[in-house]
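Summary of the model geometry
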Amino acid sequence: MLWTATQVLRKFSTSSHYYQNKLKLAIIGQSLFGQEVYSNLRKQGHKVVGVFTVPDKDGKADPLAVAGEKDGTPVFKFPRWRVKGKPIPDVVDAYKSVGAELNVMPFCSQFIPMNVIDHPQHGSIIYHPSILPLHRGASAINWTLIHGDKKAGFSVFWADDGLDTGPILLQRECSVEPNDTVDTLYNRFLFPEGIKAMVEAVQLIADGKAPRIPQTEEGASYEGIQKKSNSRVDWAQPAEAIHNWIRGHDKVPGAWTVIDGQPVTLYGSSMLGGSVPAGQALEIEGASQPGLVTKAGLVLYGTDGNALLVKNLQFEDGKMIPASKYFSSGESSSVELTDDEKKMAEEIRNIWKGILSNVGAIEETTDFFKSGAASMDVVRLVEEVRQKCAGVQLQNEDVYMATTFHDFIQMFVRKLRGEDQEEELVVDYATREVNNMTVNMPYQCFIDGKFEDAENGKSYDTINPTDGSVICKVSYASVADVDRAVAAAKEAFDSGPWGRMNPRDRGSLLYKLADLMEEHQEELATIESIDSGAVYTLALKTHVGMSIQTFRYFAGWCDKIQGKTIPINQARPNRNLTFTKKEPLGVCAIVIPWNYPLMMLAWKSAACLAAGNTLVLKPAQVTPLTALKFAELSVKAGIPKGVINILPGSGGMVGQRLSDHPDIRKLGFTGSTPIGKQIMKSCALSNLKKVSLELGGKSPLIIFSDCDMDKAVRMGMSSVFFNKGENCIAAGRLFVEESIHDEYISRVVEEIKKMKIGDPLDRSTDHGPQNHKAHLDKLLEYCETGVKEGATLVYGGKQVDRPGFFMEPTVFTDVEDHMFIAKEESFGPVMVVSKFKDGDVDGVLQRANDTEYGLASGVFTQDISKAMYVSERLEAGTVFVNTYNKTDVASPFGGFKQSGFGKDLGEDALLEYLKTKAVTVEY
């Protein structure tokens with residue numbers, strides 16, 4: 001019998017959310033969905049007595065099996081449950097031995113015998129991705145889209161001997177978006193909500209409240225399994241039906257047609273509204289009229305004359321290209337030269353002859369560099385051509401990108417005609433008169449060098465936290481926008497000038513970008529202030545000022561990225577040379593938080609770009625505006641299209657797709673620890689992306705009695721209230737030595753009373769509004785929890801009585817180690833203070849380190865020996881001694897433990913965006 005089971009059972013803990021009634025469960029199924037259902041049921045306290053899944057494939061266990069084996073749950077891997085329609089006795093006996101009270105089948109590709117289905121006390125429940133009785137069968141999601149259903153959903157039903165016909169336990173539904181695919185529908189709703197529903201269904205059964213609603217046959221349908229063989233497009237249909245057919249097979253199994261005699265699979269379909277763009281005709285076998293290859297993609301027509309747009313094409317060999325590149329996917333077509341252009345070409349041929357004197361004749365295939373030309377010859381060629389042909393803006397880089405004589409002439413003629421010129425950037429601004437200036441703010445997605453609306457046309461309001469008013473509407477990026485942005489970044493990396501650019505030239509562009517940021521620093525600081533609530537003076541100095549410094553710092557690194565030569569044992573009698581190269585990773589994703597919108601962009605993007613990568617960046621949903629202004633400046637700086645892409649929108653949609661996308665090679669994230677864990681998991685499951693995470697903190701600050709009191713009060717307040725407390729390294733807990741505790745608190749409160757709370761654009765304001773209302777509400781709840789637990793609220797704890805999202809600077813004392821506010825960060829202006837006994841250095845160190853976080857820490861003492869002793873023992877990525885919040889672009893920044901891993905800033909940050917290749921040569 002080909003099955004295995006782990007023999008050791010272990011006790012497991014449950015979450016704090018604990019129901020009274022629990023069941024013994026058998027999980028029968030497979031996949032990541034099955035794994036998540038299994039894990040969540042265990043978290044709710046149910047006992048999984050057995051996992052029944054498929055055998056390992058190519059030595060790799062199914063995710064459900066991996067989770068079960070890790071937890072010590074008995075895991076059975078049956079190749080089959082039946083032979084010739086009859087149950088296998090040994091398999092059934094093994095199943096019965098675990099004593100399950102309920103079978104839970106989240107996703108199961110095997111046929112399970114009815115004597116297994118009916119065996120438990122409560123029977124079996126199954127998840128099905130349609131609103132039964134509609135779309136029974138294994139391809140339910142496909143058919144939901146193929147039929148153009150306006151609603152999708154899933155059912156959890158009681159298994160019977162029919163095919164998806166058992167009584168309904170519960171159902172959930174959602175709207176189908178016009179351009180949803182199988183992937184987007186599954187990822188957005190069917191997967192996350194399905195997991196929750198399976199857990200809810202089990203609890204309803206445990207509580208004796210689960211309904212059994214018989215399925216009606218009215219409106220019932222059953223469709224067969226969709227395979228590649230039966231997914232060919234039928235062109236004798238209206239455009240919308242063709243669109244539904246294509247998206248209903250996207251990504252699996254893929255709708256296909258025949259173009260130029262070969263099967264081509266179509267992906268990324270959307271209905272085309274408005275006028276059809278200009279393009280080149282393409283014959284589609286069986287279609288009512290030819291398609292049209294345009295800059296936007298492949299336009300296809302239905303029998304009703306309406307059009308749809310397909311973004312990507314995949315050929316039989318697996319190669320996928322943007323549909324817009326169909327005619328340029330092979331050799332690029334040559335331009336036909338006029339008589340005058342031919343004369344110029346001959347003059348240029350003579351210039352080549354003069355430089356390449358060792359070459360007998362300059363043929364079309366003659367390669368400039370293979371013929372012996374060097375960098376000085378490039379300069380000579382460019383200058384001689386400029387002299388002969390005034391008005392042609394030729395650059396050294398052009399020669400490196402067109403190295404044969406034919407390619408050089410083609411490039412030259414295109415420049416002469418103006419065909420190579422980039423389209424002028426068109427920006428629709430949201431314009432505001434504020435802070436004694438006119439502020440122009442882009443508000444659309446920035447993809448492939450252009451500002452454009454989200455593909456689905458959705459937008460949302462971004463709010464000014466000073467008064468709660470709407471600043472403007474911002475595009476709400478979709479999954480399709482992510483895919484377009486990643487494709488643009490990949491194209492820019494693989495084929496664009498960025499990937500072939502000299503490192504020093506890349507550095508020059510980054511220096512120019514920093515100069516433009518400095519030129520616009522007042523405008524950037526104003527946008528940052530109204531969008532995030534940052535006090536303008538702080539925004540000018542830190543949010544924007546440090547961003548400029550960061551780009552200048554990493555611009556200087558571009559031509560200093562080096563490998564090593566490594567002595568190795570020689571392969572006698574031959575000799576060997578081994579060296580390493582540092583290379584860019586490719587397309588990188590960056591997801592940043594809302595507390596320092598522009599600075600967090602700079603910390604990650606500057607290192608990423610300096611290393612030679614391209615990027616897709618998602619700003620925080622509530623603070624997108626400085627990132628979009630940065631995108632505009634990047635175009636003015638000359639950064640090639642596709643290198644930088646900015647997508648405002650939700651983390652659940654845009655961030656998740658970036659985590660899952662197979663073409664992204666690195667993801668850098670700053671945010672909360674729970675989201676960081678989810679990102680890390682998604683990155684691992686998709687394509688093992690490299691990840692760097694800067695996550696939550698609860699940074700301790702220890703103040704000894706021998707400190708400089710004035711400085712300790714001033715810096716201690718800054719450690720908590722800097723940037724309204726919305727600061728990842730904020731001192732989440734102060735430990736003050738007992739003999740100075742009361743004086744310290746008195747001094748702090750006295751200084752707080754002097755702080756001016758108000759409009760962040762007022763230069764005299766010390767303390768602005770919290771970033772958004774949901775965060776303010778969370779802070780107020782945090783303070784309420786502190787009071788309920790018995791901490792002493794010395795000052796603040798309430799919302800300021802004025803419009804906007806203002807929070808009083810707050811001080812808690814008598815905070816004990818077990819309290820919630822002692823363990824969890826507020827991410828706001830809340831000072832949490834605990835005493836420690838005089839002289840108890842090791843005791844306070846133990847308390848300071850008793851946290852799962854390790855981002856930053858600090859100590860104030862005038863005893864240098866004590867300072868060094870404490871700094872060596874504090875478990876944090878950064879230790880401040882007699883200062884706080886002192887960061888610098890050259891100093892690495894990042895945490896330990898559940899505060900994440902990887903570094904921003906300094907040389908360490910550059911290494912996060914590089915890979916090391918070892919090369920060994922025998923000679």
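Residues numbered from 1 in each chain as written. Predicted model: local features only at pLDDT ≥ 70, side-chain atom pairs only at ≥ 80, totals over all residues. Heavy atoms only, no water.

1. Regarding the overall build of the protein
Along its length, the protein carries 27 helices and 40 strands. A compact globule built from 923 residues should have a C-alpha radius of gyration of about 29 Å, and the protein, at 32 Å, falls within 12% of that. In terms of principal-axis extent, the alpha carbons of the protein reach across some 90 × 80 × 75 Å. Here the contacts in the protein between residues at least 6 apart in sequence split such that 70% fall between residues at least 24 apart. Counting only carbon and sulfur atoms, one obtains 50% of the accessible surface of the protein, whose full area is about 40300 Å². For the protein, the distance from the average site of its 100 positive side-chain charges to the average site of its 118 negative ones is 4 Å. (Helix = DSSP H or I, 4+ residues; strand = E, 2+ residues; numbered from the N terminus. Rg over C-alpha atoms; globule rule 2.2 N^0.38 Å. Contact = heavy atoms within 4.5 Å. Areas by Shrake-Rupley, 256 points an atom, 1.4 Å probe, with all protein chains shown as cover. Lys, Arg positive; Asp, Glu negative; His and termini not counted. Charge placed at Lys NZ, Arg CZ, Asp CG, Glu CD.)

2. Focus on the pairing of strand E26 (residues 614–618)
Burial analysis of E26 places five of its five residues in the buried class, the great majority of the element. Residue alternation in E26 divides its side chains into two sets, Thr 614, Val 616 and Lys 618 and Leu 615 and Leu 617, and both sets are buried. As defined by bridge partners, strand E25 (residues 587–591) adjoins E26 across five bridges and the pair is classed as parallel. Among the inter-strand pairings, Val 591 is bridged to a residue of E26, identified as Lys 618. Taken together, the three bridges between E26 and strand E27 (residues 644–646) define a ladder with parallel strand orientation. (Buried < 20%, exposed > 50% of the residue type's maximum accessible area, 1.4 Å probe, protein only. Pairing = 2+ DSSP bridges.)

3. Observations regarding the sheet that holds strand E40 (residues 914–922)
Strand order in the open sheet formed by three strands is E23-E24-E40, with antiparallel pairing between adjacent strands. Taken across any chain shown, the strands that pair with only one partner, and hence form the sheet edges, are strand E23 (565–566) and E40. The pairing of E23 with strand E24 (residues 576–584) spans two bridges and is antiparallel. Paired with Ile 566 across the strands is Thr 578, a residue of E24.

4. Examining the nonpolar core
The nonpolar side chains of soluble globular proteins are, as a tendency, buried together. If you look at the biggest cluster of nonpolar residues, it comprises 107 residues, and the most contacted ones within it are Met 517, Phe 551, Ile 703, Leu 734, Tyr 744 and Met 831. Considering every element that reaches this core, the biggest residue donor is helix H17 (residues 597–610), with eleven residues. Both domain 4 (435–694) and domain 5 (700–898) contribute no fewer than three residues apiece to this core. Setting aside its immediate chain neighbours within four residues, Met 517 contacts Leu 524, Ser 547, Ile 548, Phe 551, Leu 598, Phe 630 and Leu 633. One finds Val 156, Val 199, Ile 205 and Ala 206 within the second-largest nonpolar core, a separate group that totals 41 residues. (Core = buried A, V, L, I, M, F, W, Y, C linked by side-chain atoms within 4.5 Å. Domains from an automatic or database assignment.)

5. Concerning the domain arrangement of the protein
Along its sequence, the protein is organised into domain 1 (24–207), domain 2 (228–325), domain 3 (339–417), domain 4 (435–694) and domain 5 (700–898). Contacts between the two partners involve 31 residues from domain 4, matched on the other side by 32 residues from domain 5. Summed over both sides, the interface between domain 4 and domain 5 buries roughly 2600 Å², with carbon and sulfur atoms accounting for 62% of that surface. For the interface between domain 4 and domain 5, the tally reads zero salt bridges. For the side of domain 4 that touches domain 5, the secondary structure elements donating two or more residues are helix H15 (521–532), helix H16 (536–555) and helix H20 (673–687). Looking at which element gives the most residues to the side of domain 4 that touches domain 5, the answer is H16, with nine residues. (Buried area = accessible area lost by both parts, 1.4 Å probe. Salt bridge = Lys/Arg side-chain N within 4 Å of Asp/Glu carboxyl O.)

6. Quick notes on the pattern of salt bridges
On inspection of all chains with the given rule, the structure shows 41 salt bridges. Of the charged contacts in the structure, one is a salt bridge between Glu 177 and Lys 458, with a shortest N-O distance of 3.2 Å. Here Glu 177, found in the loop between strand E9 (168–175) and helix H6 (182–206), pairs with Lys 458, found in the loop between strand E20 (450–452) and strand E21 (459–464); they are 281 residues apart in sequence, far enough to count as distant. For Lys 458, a relative accessible area of 35% translates into the label partly exposed. For the salt bridge of Arg 504 with Asp 559, the shortest nitrogen-to-oxygen distance reads 2.8 Å. Remark: Asp 559 occurs in the loop between H16 and E23 and Arg 504 occurs in helix H14 (residues 503–519); sequence separation between them is 55 residues. You can call Asp 559 partly exposed: its relative accessible area is 32%. Connected via shared salt-bridge partners are Glu 452, Glu 455, Asp 481 and Arg 484.

7. Brief notes about the environment of Met 501
In this structure, Met 501 sits in the loop between helix H13 (497–500) and H14. Residue classification places Met 501 among the buried residues on the basis of a relative accessible area of 13%. Expressed as a C-alpha distance, the spacing of Met 501 and Val 413, which sit 88 residues apart in the sequence, is 22 Å.

8. Quick notes on the sheet that holds strand E36 (residues 856–860)
A sheet is described by the order of its strands in space; here seven strands give the open sequence E32-E33-E34-E31-E30-E36-E37, paired in mixed fashion. Here the strands that pair on one side only, and so sit at the sheet edges, are strand E32 (792–795) and strand E37 (878–881). For this sheet, the mean inter-axis angle between neighbouring strands, taken without regard to orientation, is 25°. Where strand E33 (residues 810–813) and strand E34 (residues 830–836) come together, three bridges link them in parallel fashion. Pairing of Phe 812 across the sheet is with Val 832, part of E34. (Axes fitted to C-alpha atoms, helices over the stretch in contact; angles between N-to-C directions.)

9. Comments concerning H16
Between its first and last C-alpha atoms H16 spans 27 Å; for 20 residues at 1.5 Å apiece the expected length is 28 Å, and the two agree. Bending of H16 peaks at approximately 35° at the position of Gly 545. Most of H16 sits out of view: 14 of its 20 residues are buried. (Expected span 1.5 Å × (residues − 1). Bend = angle between axes of the 7 residues up to and from the residue.)

10. Structural notes on the packing of aromatic side chains
For the structure on display, the rule yields 28 aromatic pairs. In textbook terms, an aromatic cluster arises when at least three aromatic residues are bridged by ring pairs, as seen for Phe 33, Tyr 127, Phe 154, Tyr 186, Phe 189 and Phe 191. Across the ring face of Phe 806, the terminal group of Arg 802 is positioned such that the distance to the ring centre comes to 4.3 Å. Here the basic side chain of Arg 873 rests over the ring of Tyr 869, its NZ or CZ set 3.6 Å away from the ring centre. (Phe/Tyr/Trp six-rings, centres within 6.5 Å; stacked < 30°, edge-to-face > 60°. Lys NZ or Arg CZ within 6 Å of the ring centre and 35° of its normal.)

11. Description of the packing of H17 against helix H18 (residues 625–636)
Where H17 contacts H18, the axes come no closer than 8 Å and their chain directions differ by 50°. On the basis of the axis angle, H17 is oblique to H18. Considering only the axes of H17 and H18, their crossing is right-handed. Only Thr 626, Ala 627 and Phe 630 of H18 make contact with H17, whose side of the interface consists of Pro 597, Leu 598 and Leu 601. Considered class by class, the residues forming the contact of H17 with H18 number five nonpolar, one polar and no charged. (Parallel < 35°, antiparallel > 145°, perpendicular 65-115°, else oblique. Left-handed = near helix turned anticlockwise from the far one by under 90°. Nonpolar A, V, L, I, M, F, W, Y, C, P; charged D, E, K, R; others polar.)

12. Quick look at empty space enclosed by the protein
Inspection of every chain in the model, using the stated rule, returns three cavities of 30 Å³ or more. Considering the residues around the largest cavity, the lining is formed by 16 residues, among which Ala 730, Ala 731, Gly 732, Ser 826 and Phe 827 are closest to the centre. Put simply, the parts of the chain that give the lining of the largest cavity at least two residues each are strand E31 (731–737) and E34. Partitioning the lining of the largest cavity into residue classes produces eight nonpolar, six polar and two charged. Considering only enclosed or pocket space, the second largest cavity measures out at about 60 Å³ in volume. Residue lining of the second largest cavity: 15 residues in total, with Pro 700, Thr 851, Tyr 853, Gly 854 and Glu 875 positioned closest to the centre. For the lining of the second largest cavity, the secondary-structure elements that each account for two or more residues are strand E30 (699–703), helix H25 (841–849) and strand E35 (853–854). Its residues assigned to classes, the lining of the second largest cavity comprises seven nonpolar, five polar and three charged. (1 Å grid on protein atoms, 1.4 Å probe; cavity = no way out; pocket = protein on both sides within 12 Å on 5 of 7 lines; lining within 4 Å. Points joined across faces, edges and corners; volume = space filled by probe spheres on them.)

13. Brief notes about the confidence of the model for the protein
With 95% of its residues at a pLDDT of at least 70, the protein reaches an overall mean of 91. Between residues 1–19, whose pLDDT stays under 50, and residues either more than four places distant or in other chains, the model counts 37 contacts. (pLDDT = per-residue confidence, 0-100.)

14. Observations concerning the environment of Glu 875
For Glu 875, the location among the structural elements is in the loop between helix H26 (864–873) and E37. With 531 residues separating them in the primary sequence, Glu 875 and Met 344 have C-alpha atoms 69 Å apart. Not counting the four nearest positions on each side in its chain, Glu 875 is found in contact with Asn 849, Tyr 853, Gly 854, Phe 896 and Lys 897. A distance of 3.1 Å separates a polar atom in the side chain of Glu 875 from a polar atom in the side chain of Lys 897. (Polar contact = N/O pair within 3.5 Å; in protein donor to acceptor, adjacent residues only side chain to side chain.)

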